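Notes for the structure review
If you want the building blocks of each chain, they are given just below.
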Amino acid sequence: MSGKSKTTPVTRLTDEEWFHRTGRVAMSIGQDTFHRELLELFGSAMQHDSSWIMRYSRFAPPDILYTHNVPDEIVQLYTRECSTIDPYSSHWKTRGAPGVLTLSRLKSENVEFIIYEKMFGAAANISDELAMFFTTVGHCCLALFLVREKGTFSAADVARAELIFPALDGYHHAHLS
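Please read these numbers as outputs of a predicted model, since none were measured by experiment.

What counts as what
- Residues numbered from 1 in each chain as written.
- Predicted model: local features only at pLDDT ≥ 70, side-chain atom pairs only at ≥ 80, totals over all residues.
- Heavy atoms only, no water.
- Helix = DSSP H or I, 4+ residues; strand = E, 2+ residues; numbered from the N terminus.
- Rg over C-alpha atoms; globule rule 2.2 N^0.38 Å.
- Buried < 20%, exposed > 50% of the residue type's maximum accessible area, 1.4 Å probe, protein only.
- Contact = heavy atoms within 4.5 Å.
- Areas by Shrake-Rupley, 256 points an atom, 1.4 Å probe, with all protein chains shown as cover.
- Lys, Arg positive; Asp, Glu negative; His and termini not counted.
- Charge placed at Lys NZ, Arg CZ, Asp CG, Glu CD.
- Pairing = 2+ DSSP bridges.
- pLDDT = per-residue confidence, 0-100.
- Expected span 1.5 Å × (residues − 1).
- Bend = angle between axes of the 7 residues up to and from the residue.
- Core = buried A, V, L, I, M, F, W, Y, C linked by side-chain atoms within 4.5 Å.

**Some remarks on the overall build of the protein chain**
Along the backbone of the protein chain there are seven helices and five strands. Listed by position from the N terminus, the elements making up the protein chain come as α-α-β-β-α-α-β-α-α-β-β-α. A compact globule built from 177 residues should have a C-alpha radius of gyration of about 16 Å, and the protein chain, at 15 Å, falls within 12% of that. In terms of its C-alpha atoms, the protein chain occupies a principal-axis envelope of roughly 45 × 35 × 30 Å. Considering the protein chain as a whole, with its 177 residues, one finds that 46% of them fall into the buried category. For the protein chain, restricting intrachain contacts to residue pairs at least 6 apart in sequence, the fraction spanning at least 24 positions comes to 66%. For the protein chain, the exposed area adds up to about 9,000 Å²; of that, 53% sits on carbon and sulfur atoms. Here the protein chain contributes 17 positively and 21 negatively charged side chains, and the mean placements of these two sets differ by 2 Å.

**So, the pairing of strand S4 (residues 128-135)**
A large share of S4 lies buried, amounting to seven of its eight residues. Here S4 folds back onto strand S5 (residues 140-148) in antiparallel fashion, the turn holding four residues, of which Gly 138 has a positive phi close to 65°.

**Examining the confidence of the model for the protein chain**
Mean pLDDT for the protein chain: 89, with 94% of residues reaching 70 or above. Across the protein chain, the secondary-structure element scoring lowest on mean pLDDT is helix H5 (residues 103-106), at 82, and the one scoring highest is strand S2 (residues 63-68), at 96. Low pLDDT (under 50) marks residues 1-6, which in the prediction has twelve contacts with non-local residues, meaning those over four places away or in another chain.

**Notes on the environment of Ala 45**
Mapped onto the secondary structure, Ala 45 falls in the loop between helix H2 (34-44) and strand S1 (50-57). In this structure Ala 45 comes out as buried when scored by relative accessible area, which is 1%. For the pair Ala 45 and Ile 164, spaced 119 residues apart in sequence, the C-alpha separation works out to 8.9 Å. Here Ala 45 is in contact with Val 10, Thr 11, Trp 18, Arg 160 and Ile 164, once residues within four sequence places are set aside.

**Here's the deal with H2**
Residues separated by three or four positions in an α-helix point in the same direction, a consequence of the helix having 3.6 residues per turn. With eight of its eleven residues buried, H2 lies for the most part within the structure. Taken as a whole, H2 has its buried residues at Phe 34, His 35, Leu 38, Leu 39, Leu 41, Phe 42, Gly 43 and Ser 44. If you follow the buried residues of H2, they end up packed against helix H1 (16-28), S1, S2, S4, S5 and helix H7 (155-176).

**What about helix H6 (residues 111-123)?**
Over its 13 residues, H6 runs 18 Å from end to end, which matches the ideal 18 Å to within 8%, given 1.5 Å per residue. Along H6, the sharpest change in direction is near 30° and occurs at Glu 117. For H6, every residue scored as buried is listed here: Phe 113, Tyr 116, Phe 120 and Gly 121. Buried-residue contacts for H6 involve S1, helix H3 (72-82), helix H4 (87-95), H5 and S4. A positive backbone phi angle near 60° is found at Asn 125, which sits one or two residues after H6.

**Structural notes on the nonpolar core**
Core analysis: the biggest nonpolar cluster contains 27 residues, and Trp 52, Tyr 56, Tyr 78, Tyr 88, Phe 120, Phe 133 and Phe 145 have the highest contact counts within it. Mapped onto this core, the elements with two or more residues apiece are S1, H3, H4, H5, H6, S4 and S5. In this structure, Phe 42, Met 46, Val 100 and Phe 153 belong to the second largest nonpolar core, which totals 24 residues.

**Re the pairing of strand S3 (residues 99-102)**
Because side chains alternate across S3, one face comprises the buried residues Gly 99 and Leu 101, and the other comprises Val 100 and Thr 102, equally buried. Sheet analysis places S3 next to S4, joined by four bridges and oriented antiparallel. Residue pairing across strands places Val 100 opposite Met 132, the latter belonging to S4.

**Examining unusual backbone geometry**
The phi angle at Asn 69 is positive, at roughly 65°, despite the residue not being glycine. Turning to its location among the elements, Asn 69 is positioned in the loop between S2 and H3. Phi angles above zero are rare outside glycine, and Asn 125 is one such case at about 60°. Examined against the element boundaries, Asn 125 turns out to sit in the loop between H6 and S4.

Right, dumping it as structure tokens:
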């Protein structure tokens, strides 16, 4: 977990830098740094303020595996008070499908969602989140999150995430193998 730093500029999928980053992800397959490299590649594709790597299970509480630009007190708040009402965890437990999802798409009038948004979203200054869910083993998944403090992820952002998802999912499955 780390402190605040500047947001990485967006890399266009046709930029030379995009291909350098995908090469770094490929070279990190099987390494401890793999998922951080995958998150960095995902994050390079669109503006965001912070990022998370989470593990969700259908049977166990969520695990925070890594954060970037997230204060420790926010991580502690999530772990202590909000992990049981995390709408992404609930989504995984009920649907269990890999893919791309935003907090704005997940919004509901569900009491737990409202509490999560008012308690955690307000404290963490979350306006919207963009997540990629990757299946693992044992009914678990790994999720990469990009967080915006202002505004929502646009339809173009979601389309870009959906465009790159198959490649990132392929890297993830190669890493698991």
